[in-house]
Amino acid sequence: VITRPEMEIGRYHWMYRSSRPHRYHHVPALRGNVSPLGIQGCFECCIKCLGGVPYASLVATILCFSGVALFCGCGHVALTGTVSILEQHFSTTATDHALLTEVIQLMQYVIYGIASFFFLYGIILLAEGFYTTSAVKELHGEFKTTACGRCISGMFVFLTYVLGVAWLGVFGFSAVPVFMFYNIWSTCEVIKSFQTNVTVPGDQICVDIRQYGIIPWNAVPGKACGPILENICNTNEFYMSYHLFIVACAGAGATVIALIHFLMILSSNWAYLKDASKMQAYQDIKAKEEQELQDIQSRSKEQLNSYT
């Protein structure tokens, strides 16, 4: 039987076989950016960082920011131009369009709130994308997903779904002024084409804004005909408002696409987190069983050594 002191003496002789000074051997330089101590270099760190970036969430965030910025910025300026056109050409009395002016001002304040909310919400969804990406990539490490994190991911899925449905309505609503301005513009084009034909008078072609319901029927003049309508179409306010409403409608459509993209990403990440939690539970049970097996083996060896 080899006793413990003898084992320590043997280990001492194995480590220090001679009394000669220690000789240092040349260590060949390692290629790349990895140091001899195994520390990752700059290139490896960059690759690791880029591997943890949620590119799908990043693209959806950029698309969402762009769409909301176009809708809010262009919509705000276009509404201001619309009020100016109504006051100058279709409703000269302030009391006739007072309600419309208040509604437009309220919509402009709503635009401010929408821009602020989606700026914060886009950052939160991007951070949630980083969180879920790290949770999946670090599944076999020390990272642990919690029930609270999975609940928050599910809440984001529901909230993004509601916002997507709401923005579908906003997209449809933003197409209404585009339709109105297009009708006015197309009527002006008809007037221009009739000017070449002297048999058809252009004064009989009119656009009545009152039929759209944005101003009351007693508004004066309420409509524009012939050359007056053509002059309205040639103003910078009409030209800018028309094209800005088109851009705002396109921005609302881009926001809808971004929210649908976010919804797919969040649903996928939530499913990954759910599977990751099950895998972690399995790994915890497996590690516990292996530890118990090691404890049993160590106790068996101790008992065998005591018997010998």
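Scoring rules and cut-offs
Residues numbered from 1 in each chain as written. Predicted model: local features only at pLDDT ≥ 70, side-chain atom pairs only at ≥ 80, totals over all residues. Heavy atoms only, no water. UniProt positions renumbered as here; feature names shortened; annotations may be inferred. Helix = DSSP H or I, 4+ residues; strand = E, 2+ residues; numbered from the N terminus. Buried < 20%, exposed > 50% of the residue type's maximum accessible area, 1.4 Å probe, protein only. Areas by Shrake-Rupley, 256 points an atom, 1.4 Å probe, with all protein chains shown as cover. Disulfide = S-S within 2.5 Å. Arc of directions from axis to C-beta. Phe/Tyr/Trp six-rings, centres within 6.5 Å; stacked < 30°, edge-to-face > 60°. Core = buried A, V, L, I, M, F, W, Y, C linked by side-chain atoms within 4.5 Å. Contact = heavy atoms within 4.5 Å.

In the annotation of an unreviewed UniProt entry, the chain is listed under the name GPM6B protein and assigned to Erythrocercus mccallii. Recorded under Sequence similarities (unreviewed entry), the UniProt text for the chain is reproduced unchanged: "Belongs to the myelin proteolipid protein family."

Scanning the chain for helices and strands turns up 7 helices and 2 strands. Burial status across the chain gives 31% buried among its 308 residues. Of the roughly 20300 Å² of accessible surface on the chain, a fraction of 67% belongs to carbon and sulfur atoms.

Turning our eyes to something else, we now look at the state of the cysteines. Applying the stated rule across the entire model yields 2 disulfides. The disulfide partner of Cys188 is Cys233, and the gap between their sulfur atoms is 1.7 Å. The disulfide joining Cys188 to Cys233 has a torsion of about 60° about its S-S bond and is therefore right-handed. In this pair, Cys188 sits in helix 5 (residues 147-194) while Cys233 sits in helix 6 (residues 226-233), placing the two residues 45 residues apart along the sequence. Across the pair, exposure class does not vary: Cys188 and Cys233 are buried alike. Across the disulfide, Cys206 is cross-linked to Cys225 (sulfur-sulfur distance 1.8 Å). With the S-S dihedral at roughly 110°, the linkage between Cys206 and Cys225 falls on the right-handed side. Of the two residues, Cys206 sits in strand 1 (residues 206-208) while Cys225 sits in strand 2 (residues 223-225), which places them 19 residues apart along the sequence. If one numbers only the bonded cysteines of the chain, in the order they occur, the disulfide pattern is 1-4, 2-3.

Among the residues making up helix 6, those that are buried are Gly226, Leu229, Glu230, Ile232 and Cys233. Seen along its axis, helix 6 keeps its buried residues to an arc of 155°; they face one direction.

Let us look at the UniProt feature "transmembrane region" (unreviewed entry) in the chain. UniProt tags residues 58-79, 109-131, 152-176 and 244-266 as "transmembrane region" (unreviewed entry). The span residues 58-79 is 100% helix and 0% strand, and its two end C-alpha atoms sit 31 Å from each other. Counted over residues 244-266, helix gives 100% and strand 0%. Its end C-alpha atoms are 32 Å apart.

Take the packing of aromatic side chains next. Under the defined criterion, the tally for this structure stands at 14 aromatic pairs. Plain terms: the ring middles of Tyr109 and Tyr112 are 6.1 Å apart, the flat faces sit at 75° to each other, and that makes the pair edge-to-face. Note that Tyr109 and Tyr112 are positioned in helix 4 (residues 98-137) at a spacing of 3 residues, about one turn of the helix. You can call Tyr112 partly exposed: its relative accessible area is 43%. For the ring pair Phe118 and Tyr121, a centre distance of 6.5 Å and an interplane angle of 80° mean the geometry is edge-to-face. Of the two residues, Phe118 and Tyr121 both sit in helix 4, 3 residues apart, roughly one turn of that helix. Each member of the pair, Phe118 as well as Tyr121, carries the same accessibility label: buried. Put simply, the rings of Phe71, Phe117, Phe118, Tyr121, Phe156 and Trp167 pair up and form one aromatic cluster.

So, about the nonpolar core. Judged by nonpolar contacts, the single largest core of 49 residues is most densely connected at Phe90, Phe118, Trp167, Ile184, Ile209 and Leu229. Contributions of two or more residues to this core are made by helix 3 (55-90), helix 4, helix 5, helix 6 and helix 7 (236-307). Counting residues per element, this core draws most heavily on helix 7, at 13 residues. Residues in contact with Trp167, not counting those within four places in the same chain, are Val68, Phe71, Ile114, Phe118, Ala252, Thr255, Val256 and Leu259.

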